[in-house]
Amino acid sequence: MHIEEGAVLVVGDSSKTTSQEQNNNESSLRKRKTTGSHRTKSIWKSAQAESVTPVQEQVFLTMTLRKLDRALTGTKSRNTSYEFMALAVMLVLIYSAGSLSQESFNTETFVSLSFNQVILIGVWLFVANLVTSVFKESKFIELLYWMVVYLPLLSIVADFVFFRGDRPIPIITILLVVAEVTAVTLFLCIYYVYPSVISSAWFRRNGRVSFFFGVRSVSNWTMTYKRKKGRCGFGSRQTCKYSGETNEQGEPHGFGRWFDDAFDGEVLTGSWRNGIPVAPFVSRKYGNGDAFRAVRVAYVKASDDVFDGAKWWPTNELPMQIGMASVECSVSGSFYNELPRAENMFEPRPYEITTSIQELLSDLPHIHEQASLQTLYIRSDDPRGVQVENHVYAANGRTVQEVDEIRIKVKKGRSLHSRESIIQEFMPISPCFGEEKIMVRHDKSTEDSDGDDDNWNVERAVQSYQKGSSAVDVENQNSVDSHDQAGIKTKVANFILEVNGWIPSNSKDVLVFVPGFNCSLKEALENFGQLIAMTKLDSHVHPILYNWPCGQVLTYHSASRASLSDRNLENFCKFLKGLQHAGVKNVHLMSHSMGVQTLVGSMVDKLDGSRSECSMCFHLAADCDDVKPDEASSADSKVDEESLLLCRTITLLNPDFPLVPFQEHAFRSIRRICKTVTVVGDKNDGALFFSQTVNGLAVRYGYRQPYELLPNDGNKKSLKELLTVGKCIDSLYFSEDVAERRGVVGHDYLRFRENAPILLREEAHGKLWMDLDVIDTTGLDTNIADIRHSAYNLNPSLLRDLEELVSTGKRAIDRSLLYREGNVFSYCNAPSFVSM
């Protein structure tokens, strides 16, 4: 296939029509519009045959229901206390003005509010503020505003303007009741009756979708329909279209793009399954640009809870299961009340150590390696040898190797040998949106072009379009960036790094997340999915959630015991062994709140001082020097060293873990397997304040805790509050007695080695700081709820830092944080009320 210079190839539909055919189609459409404005029931089938196919109808209805869900649930609202204060002032003025009678006006006397009127205003304001505050993120908020705020206000105004409130049963009261009933009826029709009708099986039959929405076909998979355009438009026709892969039934299946140019229309690019969009995909509203993203999150279910709820009494007697969830989240613009939303992609399956994790990893989307072509991380701080990110040594397949030198070869992107790799070369890092055409321009002056380049250019453009790119400019094959018609830059790799003696590793990093207390599996997936969607972590790691029996509010201590029960620790160990069988090498461990008790408690040494079963699944940290020789030899005899996991990072988010046990034995156990331990905490954490009070009183009066959480005897007798790690972030150091008793002085890997120019003067006062990074979020106020316990998936500073931590493994001193003292860091972030 040959394309002349400057030629334009329009790719969008599988059936191409000439200009004459398009004119004929347009004239036939005009004729259909002008004839028969009143349709009868007999036209259902003819409308279906003349306009769109049943498959197109179903896809159109699916995308329409997505728009309807967003419209009905609404967006996250802001605090309305100031609006209610303004309404209170307005009511005072209204009552005062209404109380002015003709006689009082003549005598120049201003009649004030009566006592009953003051009580009425106070009660109304209290109820209105309470109701709308509780339901401000519910779809009932619009109804409540009308019933509690707007209609009562209008009735008060009308009562004093027209009736003066002097009748025993004012007419305005009857009108108010009628208006309230009408509001409830309209609400039920709009929010329940209408969605139920258009989503029913009855509505999907016999062309009813085409008739109701006026859907007409312009060409294959390009349709128009009747819809308001903008917020004040009336009856204009909009265009929607799908382009991409389909299955045998003609349904969108695979990679495709949906385009709808209505104000509330959606532009969605990503994965489809039998006509329904499934994760992963990215989407935006055409009118205002609100952005959404859906990600896949694998999970291991080690509890008896149902998907969307937690049992009051936590148990895990049933066998473990695995599953895959699709989590759709708002990521930019307005955040919608219906999101994040987690849904099962398939029914949970029984967990098998040898095969289950491999199944999950195969179902997760492929990790894009585009950035690694131009960026390569080589680590040389491991005494066992050198590591090259995502590579293994070719001679023996190991990730760490003692070598004298590493040579890197740079290859230009044009020297790729396969057609698939050249197509992959021009794939954008993130899907972009723009015009519906693709321009393919061939430069005949390219020095290294051959006779087959023309076909490759067209194929690359077509396949790139099918994968979501709006336009691809291949005029200059060696350019680093190319631009599409909409002016959006598409990154192109113009060179590739190749390491001599090393080959790419087939295994991927895994990020294990353990959620906190009173968090159902669905809620945990939504929180974790929001973290993944707001970052690019899924470009570096495979996310897997470990679900444990987390209990409910009134079963706090039961959930704490369940987190460290033999059954739960055994399940967590099976999960880690499953990672080993799947060939996973690098693991990142992350946990929130009480989930830290499962994560850290599973690594705590046994009573005889030997490592726990979970700890034995990991390599020792490179700088660890306190393992007994007999323990090391027995470990080598039990498990193959090459199958051990390498723990890259351990991140504890607002950890609900007692401070004293953490100092006594827990920190040493986790530091033994990981060099990069991070604690994210807040001194004003309300949930941990509750935990300290409840646990402190319980321990004070004889409550028996698991060994991993057991404080020393002096703490039992003297403290009423059992201090937690996440709240006492300035106390993560070894005191003199602990350092002497636990042998900290003789092991430098346990002590924080400060790289800042300021020396550690606190050591003179008996403080030996733990070798971990403490991130203090007390000064943050953006996207942090009043309880200040769960900001890890929304706060922008924390999100960027967690992404950098997991992606690079850098310590806090090497990241973009403000160093304070000891091992404590904080973010450079101005409060939300400060502006320049």
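Look up: the structure comes first, before these words.
In what follows, the accompanying structure is described. Everything quoted here is computed from the prediction, not taken from an experiment.

To continue, consider the pattern of salt bridges. Counted under the stated rule, the structure contains 21 salt bridges. Note that R341 is salt-bridged to E343, the shortest N-O span being 3.6 Å. By relative accessible area, which is 45% here, E343 ends up partly exposed. Between D771 and R811 there is a salt bridge, and its shortest N-O distance comes to 3.3 Å. Of this pair, D771 sits in the loop between β26 (768-769) and β27 (773-776) while R811 sits in the loop between α22 (796-808) and β28 (818-821), and the two are 40 residues apart along the sequence. Assigned by exposure class, D771 and R811 land together as buried.

Burial analysis of strand β23 (residues 646-653) places 8 of its 8 residues in the buried class, the great majority of the element. Bridging between strand β22 (residues 586-592) and β23 involves 7 bridges; their strand directions are parallel. Each residue of the ladder has a partner; that of S591, found in β23, is L652. Relative to strand β24 (residues 677-681), β23 runs parallel, the two being bridged by 4 bridges.

The next point concerns the pairing of strand β8 (residues 321-332). Of all the 12 residues making up β8, 9 are buried; the element is thus mostly covered by neighbouring parts of the structure. Relative to β8, strand β7 (residues 291-301) runs antiparallel, the two being bridged by 11 bridges. Its bridge partner lying in β8, K301 is registered against Q321. With 2 bridges joining them, β8 and strand β10 (residues 349-350) adopt antiparallel strand pairing. Note that in β10 the partner of I322 across the bridge is R349. Here β8 runs beside strand β9 (residues 341-344); their pairing, made up of 4 bridges, is antiparallel. Note that in β9 the partner of V327 across the bridge is A342.

Now for the nonpolar core. In a soluble, globular protein the nonpolar side chains are often hidden away together inside. With 73 residues, the main nonpolar core has V300, F575, L576, L579, F618, I650 and F662 as its most contacted residues. Setting aside anything within four residues of it in sequence, one finds F662 in contact with L652, F657, F667, I670, V725, L732, M770 and L772. L537, V541, L799 and L817 belong to the second largest nonpolar core, which has 41 residues in total.

The relative placement of two packed helices is expressed as an angle between their axes plus a distance between the axes. The geometry of helix α3 (residues 54-73) relative to helix α8 (residues 171-198) is characterised by a closest axis approach of 11 Å and an angle of 175 degrees between their N-to-C directions. With respect to α8, the element α3 is oriented roughly antiparallel. Along the contact surface, α3 presents L61, L65, L68 and L72, while α8 presents I190, Y191, Y194, P195 and I198. Looking at the contact of α3 with α8, its residues break down into 9 nonpolar, no polar and no charged.

Turning next to the side chain of K727. Inspection of the secondary structure puts K727 in the loop between α20 (713-718) and β25 (733-734). In this structure the side chain of K727 is engaged in a polar contact, spanning 2.6 Å, whose partner is the backbone oxygen of K683. If we skip the residues at most four places from it in the chain, K727 touches D682, K683, N684, D685, L688, F689 and Q692.

Conventions used here
Residues numbered from 1 in each chain as written. Predicted model: local features only at pLDDT ≥ 70, side-chain atom pairs only at ≥ 80, totals over all residues. Heavy atoms only, no water. Salt bridge = Lys/Arg side-chain N within 4 Å of Asp/Glu carboxyl O. Buried < 20%, exposed > 50% of the residue type's maximum accessible area, 1.4 Å probe, protein only. Helix = DSSP H or I, 4+ residues; strand = E, 2+ residues; numbered from the N terminus. Pairing = 2+ DSSP bridges. Core = buried A, V, L, I, M, F, W, Y, C linked by side-chain atoms within 4.5 Å. Contact = heavy atoms within 4.5 Å. Axes fitted to C-alpha atoms, helices over the stretch in contact; angles between N-to-C directions. Parallel < 35°, antiparallel > 145°, perpendicular 65-115°, else oblique. Nonpolar A, V, L, I, M, F, W, Y, C, P; charged D, E, K, R; others polar. Polar contact = N/O pair within 3.5 Å; in protein donor to acceptor, adjacent residues only side chain to side chain.

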